Structure formats: C-alpha cells, structure tokens
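Residues per chain are reported as follows:
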Amino acid sequence: MITQTFDRETPEIINPNTFVAAVPGFPKVAIVSFGPRFIDKLLELYDTQELCILYACGPHPVYHVQFEGTDIAVYKTSLGGPATVGLQEEIYAKGAEKILYFGSCGVLDKTLEEMTFILPTAAYRDEGTSYHYASASEFIEVPTAPRMAEIFNELNLPHHCGKTWTTDAIYRETRGNMEKRKATGCIVVEMECASIMAAAQFRNKQAYQFLYAADNLDATEWDARTLGNFPTDKTEKILRVALEVAKRI
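Before going into details, it helps to say that this report is about the structure given with it. Since this is a predicted model, take the numbers as computed values, not measurements.

Cut-offs and rules
- Residues numbered from 1 in each chain as written.
- Predicted model: local features only at pLDDT ≥ 70, side-chain atom pairs only at ≥ 80, totals over all residues.
- Heavy atoms only, no water.
- Helix = DSSP H or I, 4+ residues; strand = E, 2+ residues; numbered from the N terminus.
- Rg over C-alpha atoms; globule rule 2.2 N^0.38 Å.
- Buried < 20%, exposed > 50% of the residue type's maximum accessible area, 1.4 Å probe, protein only.
- Axes fitted to C-alpha atoms, helices over the stretch in contact; angles between N-to-C directions.
- Parallel < 35°, antiparallel > 145°, perpendicular 65-115°, else oblique.
- Left-handed = near helix turned anticlockwise from the far one by under 90°.
- Contact = heavy atoms within 4.5 Å.
- Nonpolar A, V, L, I, M, F, W, Y, C, P; charged D, E, K, R; others polar.

**What to know about the overall build of the protein chain**
Point 1. For the protein chain, the count of helices and strands is 7 helices and 10 strands.
Point 2. Taken against the 2.2 N^0.38 rule, which gives 18 Å for 249 residues, the C-alpha radius of gyration of the protein chain at 17 Å falls within 12% of a compact globule.
Point 3. Taken along the three principal axes of its C-alpha coordinates, the protein chain extends 50 × 45 × 30 Å.
Point 4. The burial tally for the protein chain puts 52% of its 249 residues in the buried class.

Here it is in structure tokens:
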C-alpha cells in the first residue's frame, strides 16, 4: 500500500542545514502568515528589519519585529503543505524553535460564523507531506492546542476548538468527503495543519496554529462569505492577535 512506502528511518539526501545557514541571534519564535495583507500591515505599523530570505518556493523575506520585549521573526508562506513545510524546514535551520501559523479556513458547520477563531486539536491527513514525517494514521494530534486555548482565554478571545480536515486539493473538496470528515468530528477544512504538525514533531520543534472562519461548505450551495473578500478592518486585529499569542508561546 502507498502508506507503507514512506521512509522515516533513513536520513534525507538533502538536509535544510546543508545549504541554509543559521543566523546568529535569530528569534526563537516565528509568526507565519498565508496572506500578504498581514505583512503589509506589519511593515506599516511596526519597526521592522529584514533578517534573511527563504528560498523554498520563494523568495520569501523574513522580517524581525520586537513586540513588547519579544523578538519575533515574521514571514508569508505559500499555499499547501509541501511549500509551507519547505519554508518551515528553512526557518528551523535559521534558528527558530517555535512557529505560530494563522490563516483562513472553510467551515463544515454553518453555525460557525465568518471570522470565528478556530483552534485545531487534530488534523485529518488528506494530504501527502505529513506521511514523510509521521507514521501513517488517520489523524495527527496538535499537542500545542491546550496552550493555545489557554492563551486565547487569557486574551478573552472567543474561539472554538475542534478537528480540522487538511487537504491538498482545494478544488476536490467533494460533498461526499465533506460529509465523511464531518462524521469523524472535523469542523473546518484547510490545507496545511497536518503537514506542519508532522514536520514540527519530526524535528522536535513546536508548531502552533489558529484559524479564522471564511467560506461555508455546510450549505446546499457553497457560500464564499469572506473568502476573496477579506474585511480590511480585520487585518490589524488579527495581526495583533498573532503578535500577542507569539509573545506568550
């Protein structure tokens, strides 16, 4: 079977440390956005310096910001598990130990309103990248989820905790698969969680993630809601949430 062909026992031929140089004094905490609007807002509101450039599916500039005494690296990643993990490997090689990801998701429960915060607790592995980092299983756990919930409670931010469906085929989120994933307890769908969690655990690092609800799949016809029409007044708020969380992880 295909799930039995993945090799996690022998060393990789190309290791990120082979051609990615560590940066002395690199921030131990990194924030990763999936949208350029957040990077633009960061550069607008905060004093930043460019630290380095990541080249997996790049170039991706990495910026340094000091937020309330905490040094943080910030960059925009690419869509999907393979690209995101390629950059994740490089940021670890630069010196990061903890990574906070944030981005949008589709809801599988129409009662989850747009812009609702979601904290993934486990990810259904409907993608390929995670299988190169973790043994085959239906779900991969998110070990940092309890701490994320504590932080959101500290910040008095309403949120929902639940399983997510990670897929690498955005245009093949079929009605049948959506119903199956709902039956296993998934409340949202996105494209990276399983991959980034598997890679972090393999490298003995920490990955954290929060999502905000965008489109709705739990309807007779797909409802785009805020997908492709992001409310600009929410950009600064969500960026601030990411910075506040990163300060605490």
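That was the structure; now back to the text.
**What to know about the packing of helix α3 (residues 81-94) against helix α6 (residues 193-202)**
Point 1. Running from N to C, α3 and α6 cross one another at 30 degrees; their axes reach a closest spacing of 9 Å. With respect to α6, the element α3 is oriented roughly parallel. In this structure, α3 meets α6 at a crossing whose hand is right-handed. Seen from α3, the contacting residues are Gly81, Thr84, Val85, Gln88 and Tyr92; seen from α6, they are Ser195, Ile196, Ala199 and Ala200.
Point 2. Its residues assigned to classes, the contact of α3 with α6 shows 5 nonpolar, 4 polar and no charged.

**Here we look at the environment of Pro82**
Point 1. Assignment of secondary structure puts Pro82 in helix α3.
Point 2. Its relative accessible area of 56% is what places Pro82 among the exposed residues.
Point 3. For the pair Pro82 and Ala242, spaced 160 residues apart in sequence, the C-alpha to C-alpha distance is 23 Å.

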